[in-house]
Every structure is written in C-alpha cells, then in structure tokens.
Number of protein chains: 2
Amino acid sequence: MTTDFTKRLDATADDTEKLLGELLSGDALPDEIARPTRLIEAMRYSSLGGGKRLRPFLAVESAAVFGVPRDQALLVGAALECIHCYSLIHDDLPAMDDSDLRRGRPTLHKAYDDATAILAGDALLTIAFDIITRDAVHADPMVRLLLTRALARASGIGGMAGGQILDLAGEGRFGDRDPVDVARVQQMKTGALLRYGCIAGALLGQASQSEYKALDAYGRALGEAFQIADDLLDVESDAEALGKPTGADAALNKTTFVTQLGIDGAKRRVQDLLAKADASLAPFGAKGDTLRAAARFVADRKN
Amino acid sequence: MTTDFTKRLDATADDTEKLLGELLSGDALPDEIARPTRLIEAMRYSSLGGGKRLRPFLAVESAAVFGVPRDQALLVGAALECIHCYSLIHDDLPAMDDSDLRRGRPTLHKAYDDATAILAGDALLTIAFDIITRDAVHADPMVRLLLTRALARASGIGGMAGGQILDLAGEGRFGDRDPVDVARVQQMKTGALLRYGCIAGALLGQASQSEYKALDAYGRALGEAFQIADDLLDVESDAEALGKPTGADAALNKTTFVTQLGIDGAKRRVQDLLAKADASLAPFGAKGDTLRAAARFVADRKN
C-alpha cells in the first residue's frame, strides 16, 4: 500500500473514532431524560477504540470522488459503523455465534451481560437512523431520505439480517442444513453494508445514474473480494501454522468460497474481482485511485 | 365506549393488520435476493394476528385532526407497530424478561429459537425505517425526515431502549437496585412510542407549533395514564381474585406508580391525566373527540 493510502485510511479511522465519541454521548439527550448510563457505556465499549473503519472509509472516499465535503461523508460513515458494530454485538451473543473475544477484548455480553448487549445493539441500530437524518448530512432532505432508506435496506431482511439467518441455516442451526448459495449469502450478510459505503458517496454527490451504477458495481466487486479474502484467511492463517485447512469455517463444515472454488480458484476469483472493481471506476479516472487502492487493500488484508 | 369509537378502533386494527401483512412479505424483495423465509415467517408470527394496534390508532386519529389522508397515517402506524413488536420480541427473550407466552401464544423464541428471535426483532426495527421513508407517507421529503428522526429518538437511548435498561436496573438486574424515577422511566419505556403516535399526526399534518405542542402534551398525559392503568391492572387483576396485591410487579418487588402513590392515589392521578389530556385537545374542538375517547379507553382498559 502507498503511504498516501495508509494515511487516508488512518485519518478516516481517527475522525470516525472522534465523531462516534461525540455522537454516542449522553450529552446529546434532552435534560428531561434520565441518563441510561449503562446503555451508553455499553454502546461506547463496542463502538470506540478499534477497527479499521473500512465502511466509513468507503463512504468518505466514494463521496470524495464527487467533491462532497468530508464532514458530511463522515456522518454517513458513522451511521454505517453504528450498524456494523450492532451486528457484531448481536452476532457474538450466546444464542448466535457465542463468541467471547472481539478485537482482543471480551465481547460486550462477556464484559457486561446478555440483556445489556441486546439493548446496546438495538440502540446502536436505532441511533444510526437518528444520525443519518441529521441536517448536517446534506442540505437536500431528499438526499438524506434516500440515504436513510438505502441504509435500512442494506441492514434488513434483504441485506445483513437476512444474510445472517441464511448463514445460520446453512450451518444447520435450525435443523437440516439449508443448501447455501455462497455468493448470495455474502451479498447480503457482509456485502450489503460494504456496498452501502460505496453508493453512499454517489447519493451524497447526487451522481448521475451511470455514476451510481459504476459505484454500485465497484461496491459489489469489493464486497465479494472482501468475503473471499476472509474465507482464505480462515483457511490459510491456520494452514501456515498447521499445514492443513482447519479454520473456524472448516470446524463448522461450512460452505464457503474456498470450499466451492478451492484455494487457487478463490485466489483467481479475487484477481477477477479486482479487475472488475478497477474497470467499474474507469468513468472517474484518477479520482477513483483511492477506491482502486481500497479494493486491493481489502483483497490483500492479513486480518 | 361509544359504538363509533369501537368501530374506528377496530377499523384501524383491521387496516393495520392488512398493511403489515403486505409490508412484511418477501414479495417486496428484489429478485436477486435469496428469500430469508424463516426470518420473514418469524417477523410475521410476532406482528400479525393480534393486538389492539393502539399506537397505529393514535397515529391515524391524530392525523385525522388535520385531515391527513388515512393511508399516509396507516403507513406511519405500521412503522410504529413494527418497532413496538420488535420491542416485545426482545423483551421476551430469556436474557431479558424470559417470557413464554404473549397474546396467549408461545413467544417467538419459544416457537422458533433465540437466534431467530434476535434477528426477527432486529429486522422489524430496521424495516420500520424503510417504511417510514417511503414516498407514500408524505409528498414533502422534509416531513418524512422529521417523522423518521422522531421515530429513531422515540425508540433509542432517550426513548424505549433507554427506558428498558433503566427498568432492568431498577429491578436490580445489574447488581444493586438503581433508584427508580417511575415517571421518567415510564416516559421513556412505554411513553415515548405512545407519544410518537400522537405527534406523528401533527408532523403529517404540518401542524403549527402550538398544535404540535398540544398533541405532545396530550400524548404525554395519555402515555402516563396508560402506564398507571397497567400498574393498577397488575395489582387489581390479582387483587380481585386473591384479595391482596400479588401481581408480577409485586413479585419483583418493583417500584411502580401504585407503590409510589397507592391504589387510590394512582386512580386519582389517572383522573388528573384524563383532564389534562382533555384540556390539551381544547384547540381542536370536536375534531379532538376521538382522541379524548382514546385517552379514556387507555385509562379504563381491562387488559
């Protein structure tokens, strides 16, 4: 990665951290409201102090293509990150993936308790729709409405939540294993929020239909590359140490891009997707360079 | 209750049922999306087939004061009902109130499983923000934005979710019992969504500031009356049978309006609130009659 790319990524992570710190604060509540201190602390525990902030970065850089002021895109990115963080909290619950660790710290339900984790997830999901409607996001209320609706759709039955239940069904969690269409589950479970980051810039920039479609295609390619890289990491991070594929997916006997395409096939597919992401950005010329680098970053990441 | 009031209440319940049946349907998803059938079924299980639909009724009747077309208010009511239903699903979870029955049927996590219940609640919360932003809600995007943001605030840390955690803290769920300000917890936990139903009409009707304040004051009085009636029912539904107060609240040794004011004091407070609700509606004259009847209905309800 070039120094410039890393600098931009880190700058957005820093700005997002600061902004979320302000947004997730009891100070924003009206005086008459009793401060739900425990809830606010739990929301902050799971949202602050970590993460590459890849989704906010995609929002900021896709908005930059259209010259949208950075502060507007950062707000959209913060709303998107609230959704991402809520999804991790609920996924980690005992009734879901039952994970004890996240980013090297106890998961929220371990650090607090299950009830607090459920409510903190709910409240993060909810505050995303407070943030995304704010005047500072865009002067035109119609733009904010489109951003809001698209965020709901990326997160709901046709997006993340729908993908999550299909993924659990594919693991055999509800009885017999459902047949898994890996590409479709990926598009919904992890792809929808990544794609949202990319189209958010087009919506903020009031892009033409063809520009919107370009960023949509870019976002879909990046999202699939992200998931394949994830599946490869799951296999290879253990493979290097143990000499055989025995990651978490294999333990669950899960259908992934790697079980479908093989390791080499999956790697070829990532290269195809990078070419597709590149080609999608052609209309933007040099303005698309950071997004090009972002796709490579996603594909090459080691964690 | 007058026959007219009951007819109007039933008509809104029927229309809301029909509308939710349409909105919570996989048919609304794009073709490319894999249908998360289990999730959609779970959402329908908990949202269809029951309830007085009081919150949609308040939205419809507060909108009627301003002559807002009924279909617009019904959409807002449906979004609000999705939030209400999600809150019941998550409240019923083993990690929260651990309830097995709701409206005489097994709760969602009993009929399905905890993971499905968590995701169905998440998806209902999310789809509310899809519904409330739709073009059919109001021609003016700014009105839809205000409705959206107010819905997020009524549901989040300063509203329902915040009230829920304060309520659990007051039960001693997180260690020592927190001191409980019953009125403030009520305003947040149950009051915020009831109040939203009332101000939604003012927002839809692009009411003047004084009209908005009138419906806000009405909604607050109705919300408190609703909660006191609830607390009284918890005591008296057992009291009639057993001759002593031994309801669910008493079992939890919970601070309620009844433990704070006594039974007679609580009943006097309800009468004061009905007078306040009536007075708040004065600016609307006879147009406020159904809302007046709604406040009496809420205060007198037997379940």
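The structure displayed is predicted, hence computed values, not measured ones.

**Student:** What is the right way to look at the interface of chain A and chain B in this model?
**Tutor:** When the parts come together, some accessible area is lost, and that loss is often what is quoted as the size of the interface. Between chain A and chain B, the residue contacts involve 51 residues of the former and 51 residues of the latter. Secondary structure elements with two or more residues in the side of chain A that touches chain B: helix H2 (37-47), helix H6 (114-131), helix H7 (141-155), helix H8 (160-170) and helix H9 (182-204) of chain A. No other element matches H6 of chain A, which puts twelve residues into the side of chain A that touches chain B. Tallied by class, residues from the side of chain A that touches chain B come to 30 nonpolar, ten polar and eleven charged.

**Student:** What is the right way to read unusual backbone geometry from this model?
**Tutor:** Glycine aside, the phi torsion of most residues is negative, and most peptide linkages are trans. All names here are of chain B. Of note in the backbone geometry, Arg103 takes a positive phi value of approximately 50° without being a glycine. Within the element layout of this structure, Arg103 appears in the loop between strand E1 (101-102) and strand E2 (105-106). Unlike most non-glycine residues, Gln206 shows phi in positive territory, near 45°. Relative to the helices and strands, Gln206 resides in the loop between helix H9 (182-204) and helix H10 (209-242).

**Student:** Explain helix H12 (residues 257-280) of chain A to me, please; I cannot follow it from the model alone.
**Tutor:** A turn of α-helix holds 3.6 residues, and therefore any two residues three or four places apart point the same way. Residues and elements named next belong to chain A. With 24 residues, H12 ought to run about 34 Å at 1.5 Å a step, yet its terminal C-alpha atoms sit only 23 Å apart, falling short of that. Of all bends in H12, the biggest is about 90°, found at Ile263. For H12, the full list of buried residues reads Phe257, Val258, Val270, Leu273, Ala277 and Ser280.

**Student:** How do you make sense of the relation of the copies chain A and chain B when you look at a structure like this?
**Tutor:** One copy of the chain maps onto the second through a rotation about an axis and a displacement along it. Of the two same-sequence chains, chain A is brought onto chain B (RMSD 0.0 Å, axial shift 0.0 Å) by a rotation of 180°. In symmetry terms, the pair is related by a two-fold rotation axis.

**Student:** Is there a simple way to think about the confidence of the model for chain A in this case?
**Tutor:** Should pLDDT be low for a region, the predicted coordinates there are not to be read in detail. All names here are of chain A. For chain A, mean pLDDT is 93; residues scoring 70 or higher make up 96% of the total. Residue range residues 241-246 is modelled with pLDDT below 50. Its contacts to residues more than four positions away, or to other chains, number seven contacts. Interface confidence in the predicted complex, given as ipTM, is 0.95; pTM for the same model is 0.96.

**Student:** I keep staring at the packing of helix H8 (residues 160-170) of chain B against H9 of chain B and nothing clicks. Help me out?
**Tutor:** Each packed pair of helices is defined by two parameters, the angle between the axes and the distance between the axes. Residue and element names in this part refer to chain B. Axis separation between H8 and H9 bottoms out at 7 Å; the angle between their running directions is 140°. It follows that H8 is oblique to H9 by the angle criterion. The crossing of H8 and H9 is left-handed. Contacts between H8 and H9 involve Met160, Gly162, Gly163, Gln164, Leu166, Asp167 and Gly170 from the first element and Val185, Met188, Lys189, Ala192 and Leu193 from the second. Residues of the contact of H8 with H9, tallied by class, amount to six nonpolar, four polar and two charged.

Parameters at a glance
- Residues numbered from 1 in each chain as written.
- Chains lettered and ligands numbered in written order.
- Predicted model: local features only at pLDDT ≥ 70, side-chain atom pairs only at ≥ 80, totals over all residues.
- Contact = placed C-beta atoms within 7 Å.
- Helix = DSSP H or I, 4+ residues; strand = E, 2+ residues; numbered from the N terminus.
- Nonpolar A, V, L, I, M, F, W, Y, C, P; charged D, E, K, R; others polar.
- Expected span 1.5 Å × (residues − 1).
- Bend = angle between axes of the 7 residues up to and from the residue.
- Buried ≥ 20, exposed ≤ 12 C-beta atoms within 10 Å, placed from the backbone.
- Least-squares fit on C-alpha atoms with pLDDT ≥ 70 in both.
- pLDDT = per-residue confidence, 0-100.
- Axes fitted to C-alpha atoms, helices over the stretch in contact; angles between N-to-C directions.
- Parallel < 35°, antiparallel > 145°, perpendicular 65-115°, else oblique.
- Left-handed = near helix turned anticlockwise from the far one by under 90°.

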